[in-house]
Amino acid sequence: MSEIKVDPKQYIVKDEPYYEAVNDEIELYQSAYDVRMPMMIKGPTGCGKSRFVEHMAWKLGKPLISVACNEDMTASDLVGRFLLDKDGTKWQDGPLTTAARIGAICYLDEIVEARQDTTVVIHPLTDHRRELPLDKKGELVKAHPDFQLVISYNPGYQSLMKDLKQSTKQRFGGMDFDYPETELEVAIVTKESGVDQAIAEKLVQIAHRARNLKGHGLDEGISTRLLVYAGQLIAKGVAAEAACSMTMITPLTDDPDMRDTLNAAVQTFLG
Ligand SMILES: Nc1ncnc2c1ncn2[C@@H]1O[C@H](COP(=O)(O)OP(=O)(O)OP(=O)(O)O)[C@@H](O)[C@H]1O
Ligand SMILES: [Mg+2]
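Residues numbered from 1 in each chain as written. Chains lettered and ligands numbered in written order. Predicted model: local features only at pLDDT ≥ 70, side-chain atom pairs only at ≥ 80, totals over all residues.

*Asks:* Explain the overall build of the chain to me, using residue names and the numbers behind them.
*Replies:* The helix and strand inventory of the chain stands at 11 helices and 10 strands. Viewed in the frame of its principal axes, the chain has a C-alpha envelope of about 65 × 40 × 40 Å. Relative to its 271 residues, the chain shows a buried fraction of 36%. Counted over contacts in the chain with a minimum sequence separation of 6, partners at least 24 positions apart contribute 72%. (Helix = DSSP H or I, 4+ residues; strand = E, 2+ residues; numbered from the N terminus. Buried ≥ 20, exposed ≤ 12 C-beta atoms within 10 Å, placed from the backbone. Contact = placed C-beta atoms within 7 Å.)

Encoded structure:
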């Protein structure tokens, strides 16, 4: 039986991912990494969670393995499985096992989407044991000293059916993320989209209006990601109204009244 080997270098983040610190999150994360504390990054969609983790992996010089979780994901998808090919049986590590072996930061995006029987495989890796039993293979993987597990969590989407068990939650340190305050968000939109500062300011003001509608007809406000999208189109020469409609209204809601309200906000600032 042979094994498939991976080169840790392929997971190294080579170029600095642009990240504007909102608070003291870089220092706090650094301290958490120093003691290899598993971390939970909480916050709404498109507020910079993934970008932050990419930036930290780059800063720490550690490989980063990201996994988008979903409800069809099984423990084997994370841990690994036997594969059959013409030469016989091969064991293939899953992304979690690879990360534990090579000492990567393993980022499980939207962990609540995974079923609880999948989520529990991270338990022995996220307490003093720092090990991962590969039951099917009969191997106990001891995590590399550099290994760290990071999960993201969008507090808006949780229901009783979809939440992490306390025994999972209480294995992590947590950090709250939110959309950056005005000046910073303007700087981010300017830098990421290439639009000038005056336009970026208007886009951020529209977003503030929409964020106030969260829970009053909107499930989520307009994210920083969508503001960057709007800016990118405007920078390409698309008319501001069309760009905003395409990126900041259509994806967000199908409710005609809510669309009118958002359109009015766009008109107020960009009309
Ligand atoms: N602090 C920041 N510094 C630099 N860019 C940022 C920052 N916050 C947000 N962004 C911008 O917002 C975009 C979306 O951020 P990101 O993909 O990290 O969101 P997320 O929180 O991971 O969202 P999701 O929960 O949907 O995965 C980034 O591509 C980047 O352009
Ligand atoms: Mg993300």
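Moving on from the model shown.
*Asks:* Describe in detail the site of ligand 1, supporting the description with residues and values.
*Replies:* Taken together, 21 residues are adjacent to ligand 1, and Thr45, Gly48, Lys49, Ser50 and Arg51 come closest. Classifying every residue of the shell around ligand 1 gives 7 nonpolar, 8 polar and 6 charged. For the shell around ligand 1, the two domains that each supply at least three residues are domain 1 (2-176) and domain 2 (182-270). (Near = placed C-beta within 6 Å. Nonpolar A, V, L, I, M, F, W, Y, C, P; charged D, E, K, R; others polar. Domains from an automatic or database assignment.)

*Asks:* Please provide a residue-by-residue account of the environment of Leu125, values included.
*Replies:* As for its placement among the helices and strands, Leu125 is situated in the loop between α5 (116-119) and β7 (131-134). Residues Leu125 and Val204 lie 79 residues apart in sequence; the distance between their C-alpha atoms is 41 Å.

*Asks:* Pulling in residues and values, what's your account of the nonpolar core?
*Replies:* Counting residues in each nonpolar core, the largest one holds 40 residues, and the members touching the most others are Ala104, Cys106 and Val150. For Val150, the contacting residues outside a window of four places in its chain are Met39, Ile41, Val53, Ile105, Cys106 and Tyr107. One finds Ala207, Leu227, Tyr229 and Ala243 within the second-largest nonpolar core, a separate group that totals 26 residues. (Core = buried A, V, L, I, M, F, W, Y, C linked by C-beta atoms within 7 Å.)

*Asks:* So, the packing of helix α7 (residues 182-193) against helix α8 (residues 197-211): which residues are in play, and what are the values?
*Replies:* For any two helices packed against each other, the geometry comes down to the angle between their axes and how far apart the axes lie. Packing of α7 against α8 brings their axes to within 9 Å, and their N-to-C directions diverge by 125°. With respect to α8, the element α7 is oriented oblique. Relative to α8, the crossing made by α7 is right-handed. Facing α7, whose interface residues are Thr182, Glu185, Val186, Val189 and Thr190, α8 presents Gln197, Ala200, Glu201, Leu203 and Val204. Within the contact of α7 with α8, the residues separate by chemical class into 5 nonpolar, 3 polar and 2 charged. (Axes fitted to C-alpha atoms, helices over the stretch in contact; angles between N-to-C directions. Parallel < 35°, antiparallel > 145°, perpendicular 65-115°, else oblique. Left-handed = near helix turned anticlockwise from the far one by under 90°.)

*Asks:* Got a sec to walk through the domain arrangement of the chain? Specific residues and values, please.
*Replies:* Domain annotation of the chain identifies domain 1 (2-176) and domain 2 (182-270). The centre of domain 1, based on its C-alpha atoms, is set 32 Å off from the matching centre of domain 2. On the side of domain 2, 10 residues touch domain 1, which itself brings 9 residues to the contact. Classifying every residue of the side of domain 1 that touches domain 2 by side-chain character gives 4 nonpolar, 4 polar and 1 charged.

*Asks:* Residue-level account of the packing of α8 against helix α9 (residues 224-235), with values.
*Replies:* Orientation of α8 relative to α9, taken along the N-to-C sense of each, is 145°, at an axis distance of 10 Å. Crossing of α8 against α9: the hand is right-handed. Of the residues in α9, those in contact with Ile199, Ala200, Leu203, Val204 and Ala207 of α8 are Leu227, Ala230, Gly231 and Ile234. Here the contact of α8 with α9 is built from residues that sort into 8 nonpolar, 1 polar and no charged.

*Asks:* Just give me the short version of the pairing of strand β2 (residues 39-42), but keep the residues and values in it.
*Replies:* Sheet topology places β2 next to strand β9 (residues 148-153); 4 bridges connect them, and they run parallel. Looking at β9, one finds that Met40 is bridged to Ile151. Both β2 and strand β10 (residues 173-176) contribute to a ladder of 4 bridges, which runs parallel. In the sheet register, Ile41 faces β10, and the bridge partner there is Met175. (Pairing = 2+ DSSP bridges.)

*Asks:* Can you lay out the sheet that holds β9 for me, pointing to particular residues and giving the numbers?
*Replies:* Ordered in space as β3-β6-β9-β2-β10, the 5 strands form an open sheet in which the pairing is parallel. Edge strands, defined here as strands with exactly one partner in the open sheet, are β3 (64-68) and β10. Across the sheet, the mean angle separating the axes of adjacent strands is 20° when strand polarity is ignored. Along the sheet, helix α1 (residues 25-34) makes contact with β2, β9 and β10, crossing β10 at roughly 170°. Against the sheet, helix α2 (residues 49-60) engages β2, β3, β6 (105-109) and β9, with an angle of about 175° to β6.

*Asks:* Explain α9 to me, and be specific about the residues and the numbers.
*Replies:* When the terminal C-alpha atoms of α9 are compared, their 16 Å separation across 12 residues agrees well with the 16 Å that a helix rising 1.5 Å per residue should span. Those residues of α9 lying buried are Thr224, Leu226, Leu227, Val228, Tyr229, Ala230, Gly231 and Ile234. Of the surrounding secondary structure, the elements contacted by the buried residues of α9 are α7, α8 and α10 (240-249). Once α9 ends, the next one or two residues include Gly237, with phi positive near 105°. (Expected span 1.5 Å × (residues − 1).)

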